[in-house]
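A closer look at the structure
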Amino acid sequence: MKISELLKEKATISFEVFPPKNKEGDISSIYYTIEELAKLDPDFISVTYGAGGSSKGKTVEIASAIKNKYQIESVAHLSCITSTKEDILTECRALKEHNVDNILSLRGDYPAGEEEKYRGMDLEFHYASELNGFIRENFGDSFCLSGACYPEVHQEADCFRDDLEALKKKVDAGAEYLITQIFFDNSYYYRLVKEARKIGIDVPILAGIMPVTNAKSLLRTAKLCGCSIPFQLSTMIETYYNYPEAMKEIGINYAAHQIIDLITNGVDGIHIYTMNKPEIAQRIFGNIPTVLKELNHD
Ligand SMILES: NC(=O)C1=CN([C@@H]2O[C@H](COP(=O)(O)OP(=O)(O)OC[C@H]3O[C@@H](n4cnc5c(N)ncnc54)[C@H](O)[C@@H]3O)[C@@H](O)[C@H]2O)C=CC1
Ligand SMILES: Nc1nc(=O)c2c([nH]1)NC[C@@H]1CN(c3ccc(C(=O)N[C@@H](CCC(=O)O)C(=O)O)cc3)CN21
């Protein structure tokens, strides 16, 4: 089923996982992650592709398992900056074969430390909007396409306006809904939604929430994602840096608070970057079960 169809009926709750990172390419741990996330009855689960410029692979296999083994709708991320048109055709055909109907279409990160190399190259794709166009040309409307958007502005954009215009092109090229980059201050999300609506971007904008669970990975991830850390949150992190259990409690409650505020203000959907830690998602849900149910009440 296309996520765009689902979004006509309801605000969605979804999770994101990444292919487990290990040298052997062993993905068996993902099955436990999915089984635990399934208990929370998500509307869909997405699977990253070369996240943060890491090596690719296993996205199709995992997206297929989510859909065919666990009967949960799945979204495969697909990034194009290091791909040829042939690579994209191969990937999309594999998704079709496995009944995966949804693609999060991305430009993607440059492989770590190789940005300059890629900028100097003659690439087959430069932007997510080109990938949308290419998929539409070759596969018509058979996939539901979505895209990423940036409440705090994409790191390579000159300003909010330019980034918003680029977002409009991405939607015009086929993105049927958007998922935001991580943010820790909801006012960035509200600004993006408000300004996007003014220029005719009228697709659903799902809020991407990452629970902080560990100070070091938060700092790395915030740098990768170009998101700021509010003073209040950074003070908590500094204070509890060496207390892992306290850091988890803070992350879970901070995310829960963000979600309550977003639902109160009529968000189109909540997408949780689970970082393959289902117990964190379960604890967030455990804290706000009634508010989460309100997501689809008028
Ligand atoms: N691998 C994964 O699973 C995920 C990756 N990401 C990351 O998101 C980042 C960028 O990906 P996308 O948002 O898909 O890139 P994008 O192609 O939409 O935008 C990249 C940059 O180019 C500009 N831009 C976009 N379209 C343009 C156009 N037609 N003309 C001129 N400028 C344009 C944007 O303002 C932005 O600065 C990457 O860092 C990516 O890896 C985000 C979510 C998941
Ligand atoms: N620029 C960018 N690239 C991405 O791949 C990406 C985004 N932004 N934003 C949305 C999500 C978030 N994604 C992420 C973010 C962080 C890690 C990651 O591995 N972070 C830590 C480890 C954190 C942990 O295991 O708890 C790290 O070591 O960098 C992976 C995917 C994938 N997506």
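First, a word on scope: everything that follows refers to the structure included in this document. (Residues numbered from 1 in each chain as written. Chains lettered and ligands numbered in written order. Predicted model: local features only at pLDDT ≥ 70, side-chain atom pairs only at ≥ 80, totals over all residues. Heavy atoms only, no water.)

**Quick notes on the nonpolar core**
- Ranked by size, the top nonpolar core spans 68 residues in total, and within it Ile88, Ile135, Leu178, Ile259 and Ile284 carry the most contacts.
- Per-element accounting of this core gives the leading share, six residues, to helix 11 (residues 244-264).
- Core analysis: the second largest hydrophobic core is formed by 28 residues, Leu6, Phe44, Cys225 and Ile250 among them. (Core = buried A, V, L, I, M, F, W, Y, C linked by side-chain atoms within 4.5 Å. Buried < 20%, exposed > 50% of the residue type's maximum accessible area, 1.4 Å probe, protein only. Helix = DSSP H or I, 4+ residues; strand = E, 2+ residues; numbered from the N terminus.)

**Here we look at the sheet that holds strand 4 (residues 102-106)**
- One closed barrel holds the eight strands; their spatial order is 1-2-3-4-5-6-7-8, and the pairing between them is parallel. Sheet twist, expressed as the average angle between the axes of neighbouring strands with direction ignored, equals 30°.
- When strand 4 meets strand 5 (residues 144-149), the two strands line up parallel, connected through three bridges. Residue pairing for strand 5: Leu104 is matched across the bridge by Ser146.
- The strands that helix 2 (residues 29-38) touches are strand 1 (12-17) and strand 2 (44-47); relative to strand 1, the one it contacts most, it runs at about 165°.
- The strands that helix 11 touches are strand 7 (205-209) and strand 8 (269-273); relative to strand 7, the one it contacts most, it runs at about 165°. (Pairing = 2+ DSSP bridges. Axes fitted to C-alpha atoms, helices over the stretch in contact; angles between N-to-C directions. Contact = heavy atoms within 4.5 Å.)

**Quick notes on the site of ligand 1**
- The environment of ligand 1 is made up of 20 residues, and the closest members are His77, Asp109, Tyr150, Asp163 and Lys170.
- In the model, an oxygen atom of ligand 1 is placed 2.4 Å from a nitrogen or oxygen of the Asp109 side chain.
- Tyr150 has a polar side-chain atom sitting 2.5 Å from an oxygen atom of ligand 1.
- For ligand 1, whose accessible area on its own is 840 Å², the fraction buried by protein is 86%.
- A total of four residues in the shell around ligand 1 trace back to one element, the largest contributor, which is helix 7 (residues 160-172).
- Looking at side-chain class alone, the shell around ligand 1 contains nine nonpolar, five polar and six charged residues. (Near = heavy atom within 4 Å. Polar contact = N/O pair within 3.5 Å; in protein donor to acceptor, adjacent residues only side chain to side chain. Areas by Shrake-Rupley, 256 points an atom, 1.4 Å probe, with all protein chains shown as cover. Nonpolar A, V, L, I, M, F, W, Y, C, P; charged D, E, K, R; others polar.)

**Structural notes on the packing of helix 10 (residues 231-240) against helix 11**
- Between helix 10 and helix 11, the least distance of the axes is 9 Å, while the angle of their chain directions is 165°. Judged by the angle between their axes, helix 10 and helix 11 are roughly antiparallel. Read as a crossing pair, helix 10 and helix 11 show a hand that is right-handed. Across the interface between the two elements, Leu233, Met236, Ile237 and Tyr240 from helix 10 touch Ala246, Met247, Ile250 and Tyr254 from helix 11.
- The class makeup of the residues in the contact of helix 10 with helix 11 is eight nonpolar, no polar and no charged. (Parallel < 35°, antiparallel > 145°, perpendicular 65-115°, else oblique. Left-handed = near helix turned anticlockwise from the far one by under 90°.)

**Observations concerning the site of ligand 2**
- As a structural note, the neighbourhood of ligand 2 is formed by 14 residues, with Lys21, Asp109, Gln181, Arg220 and Lys277 the closest of them.
- One nitrogen or oxygen atom from the side chain of Asp109 is found 2.6 Å from a nitrogen atom belonging to ligand 2.
- For ligand 2, whose accessible area on its own is 650 Å², the fraction buried by protein is 78%.
- Here the shell around ligand 2 takes five residues from helix 9 (residues 215-225), the largest share from any one element.
- Class assignment of the residues belonging to the shell around ligand 2 gives a composition of five nonpolar, four polar and five charged.

**Things to note about the packing of aromatic side chains**
- Within this structure, the stated rule accounts for nine aromatic pairs.
- Ring geometry for Phe139 versus Phe143: centroids 5.6 Å apart, planes at 70°, classification edge-to-face. For the pair Phe139 and Phe143, a shared accessibility class is recorded, and that class is buried.
- Look at Phe183 and Tyr189: their rings are 5.7 Å apart centre to centre, the planes differ by 20°, and that puts the pair in the stacked class. Exposure class is identical for Phe183 and Tyr189. Each is buried.
- Here the aromatic cluster, defined as three or more aromatic residues joined through ring pairs, consists of Phe183, Tyr189 and Tyr190.
- Lying across the ring of Phe18, Lys21 places its NZ or CZ 4.5 Å from the centre.
- Lying across the ring of Tyr31, Lys69 places its NZ or CZ 4.7 Å from the centre. (Phe/Tyr/Trp six-rings, centres within 6.5 Å; stacked < 30°, edge-to-face > 60°. Lys NZ or Arg CZ within 6 Å of the ring centre and 35° of its normal.)

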